Amino acid sequence: MLLLAGCGGSHAKNAAPPRSAVTAAFKDSPPQLATLHGQANQLVAGSPATFGALLKRLHGYPVVVNKWASWCVPCQSEFPVFQKVAVADGRRVAFVGLNGKDKQPAARAFLRTYPVTYPSYEDPNESIARSIQAATYYPQTVFYNRQGTRVFDHAGPYESVSALERDIKRYALG
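Source: prediction; values computed, not measured.

Rules used in this analysis
- Every chain is numbered on its own, with residues counted from 1 as its sequence reads.
- In keeping with the predicted nature of the model, local features appear solely for residues at pLDDT of at least 70, side-chain atom pairs appear and are counted solely at 80 or more, and the whole-chain, interface and lining totals rest on all residues.
- Side-chain numbers come from the whole structure's heavy atoms, not from hydrogens or water.
- A run of H or I in DSSP becomes a helix once it reaches four residues, and a run of E becomes a strand once it reaches two; helices and strands are each numbered from the N terminus.
- Partly exposed residues are those whose accessible area sits between 20% and 50% of the maximum for their type, while under 20% is buried and over 50% is exposed, using a 1.4 Å probe and protein chains only.
- For this analysis, residues touch if any pair of their heavy atoms sits within 4.5 Å.
- In short, Shrake-Rupley with a 1.4 Å probe defines the accessible areas, and a residue's cover is counted only from the protein chains shown.
- His residues and chain termini do not enter the charge count, which takes Lys and Arg as positive and Asp and Glu as negative.
- Charged groups are reduced to one reference atom each: NZ for lysine, CZ for arginine, CG for aspartic acid, CD for glutamic acid.
- Polar contacts, as used here, are pairs of N or O atoms within 3.5 Å; protein pairs need one atom able to donate a hydrogen and one able to accept it. Residues neighboring in sequence count only if both atoms are side-chain atoms.
- In this description, the term disulfide denotes a pair of cysteine sulfurs within 2.5 Å.
- Two strands form a pair only when DSSP identifies at least two bridges running between them.
- Axes, fitted as lines to C-alpha atoms, cover a helix only where it is in contact. Angles between the N-to-C directions of the axes lie from 0 to 180 degrees.
- In these notes the angle categories are as follows: under 35 degrees is roughly parallel, over 145 is roughly antiparallel, 65 to 115 is roughly perpendicular, and the rest is oblique.
- Two helices that cross are described as forming a left-handed crossing if the nearer one is turned anticlockwise from the farther one by less than a right angle, and a right-handed crossing if clockwise.

Peer 1: Sorry if this is basic, but what is going on with the overall build of the protein here?
Peer 2: A count of helical and extended segments in the protein gives eight helices and six strands. Mapped from its N terminus to its C terminus, the protein presents α and β elements in the order α-α-α-β-α-β-α-β-α-β-α-β-β-α. Dimensions of the protein, computed from the C-alpha atoms along their principal axes, are close to 40 × 35 × 30 Å. Residues counted as buried form 49% of the 174 residues belonging to the protein. The contacts in the protein between residues at least 6 apart in sequence include a share of 76% that link residues at least 24 apart. When the accessible surface of the protein is totalled, it reaches about 8200 Å², and 55% of it is carbon and sulfur. Looking at charge distribution, the protein has the averaged site of its 19 positive side-chain charges lying 4 Å from that of its 11 negative ones.

And the structure:
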């Protein structure tokens, strides 16, 4: 029932900051985070092994993994929140998308509508999601601390910037 309840809602508007604001916000980012910023809005082919290697490379930084799909209306409603927070916190927190149970053309169209400053790993069969224990809900956000330990799992959409920032502060930066 909870899974079905998460499939309703309304479409949100793109809240991506202007390119100049993103460039200024990410100036002098640490190398590991600059690499993610360099893959902004890209769909990246992946596997549980490549995703695990990414998480290892990001040790030393908190990581926020947001699982989404183009067909998921709550994902659409929360993407503007991630657009804002990923820019505000992107010099100290690694953001990574996980696109699950989706078709590549639809996912690309979604990212054109809601561009983000980080890559999204393709996960059509949810093998990556299963490897990080996130194969249940859409959207779903998993938090890792600086040591690479999975510390929190948020099922459902983030409805406000303050709610996502609160959880980042509490679970990833705490």
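Peer 1: I'm lost on the side chain of Thr141 in this one. Help?
Peer 2: Mapped onto the elements of the fold, Thr141 is located in strand 5 (residues 140-144). Side-chain polar atoms of Thr141 contact the side chain of Asn66, separated by 3.0 Å. When sequence neighbours within four positions are dropped, the list of residues in contact with Thr141 reads Val64, Val65, Asn66, Glu78, Phe82, Phe152, Asp153, His154 and Tyr158.

Peer 1: Explain the state of the cysteines to me, please; I cannot follow it from the model alone.
Peer 2: In protein structure, a disulfide is the covalent linkage between the sulfur atoms of two cysteines. All told, the structure shown has one disulfide when counted by the stated rule. With its sulfur 2.5 Å from that of its partner, Cys72 forms a disulfide with Cys75. With the S-S bond torsion at 80°, the cross-link from Cys72 to Cys75 turns out right-handed.

Peer 1: Could you clarify how one ought to interpret the pairing of strand 2 (residues 63-68) in this entry?
Peer 2: Across a regular strand the side chains alternate sides, sitting on one face of the sheet and then on the other. Counting buried positions over the six residues of strand 2 gives six, a clear majority of the element. Of the two faces of strand 2, the one carrying Val63, Val65 and Lys67 and the one carrying Val64, Asn66 and Trp68 are both buried. Where strand 2 and strand 3 (residues 94-100) come together, six bridges link them in parallel fashion. Looking at strand 3, one finds that Asn66 is bridged to Gly97.

Peer 1: Would you mind going over the packing of helix 5 (residues 73-89) against helix 8 (residues 161-172) with me for this structure?
Peer 2: To describe two helices that pack against each other, one gives the angle between their axes and the distance between the axes. Running from N to C, helix 5 and helix 8 point in directions that differ by 45°, and their axes come no closer than 9 Å. With respect to helix 8, the element helix 5 is oriented oblique. Crossing hand, helix 5 versus helix 8: right-handed. Counted together, Val81, Phe82, Lys84, Val85, Ala88 and Asp89 of helix 5 and Val161, Leu164, Glu165 and Ile168 of helix 8 form the full contact between these two elements.

Peer 1: Whenever I open this one, unusual backbone geometry confuses me. Can you help?
Peer 2: Trans is the prevailing form of peptide bonds, just as negative phi is the prevailing case for residues other than glycine. A cis amide bond links Tyr138 with the next residue in sequence, Pro139, at an omega value of -10°. Checked against the element boundaries, Pro139 lands in the loop between helix 7 (127-131) and strand 5. The backbone of Asn41 shows a phi angle near 65°, a positive value even though the residue is not glycine. Along the polypeptide, Asn41 turns up in the loop between helix 3 (31-38) and strand 1 (43-44). With a phi close to 55°, Gln133 is a non-glycine residue in the positive phi region.

Peer 1: In this structure, what is going on with the pairing of strand 5? I would like to understand it.
Peer 2: Most of strand 5 is tucked away: five of the five residues are buried. As paired strands, strand 2 and strand 5 are joined by five bridges and run antiparallel to one another. When the sheet's bridge partners are listed, Val63 is paired in strand 5 with Tyr144. Sheet topology places strand 5 next to strand 6 (residues 150-155); five bridges connect them, and they run antiparallel. Bridging across to strand 6, Thr141 finds its partner in His154. Taken together, strand 5 and the strand that follows it, strand 6, pair antiparallel across an intervening segment of five residues, in which Gly148 is found at a positive phi of about 85°.

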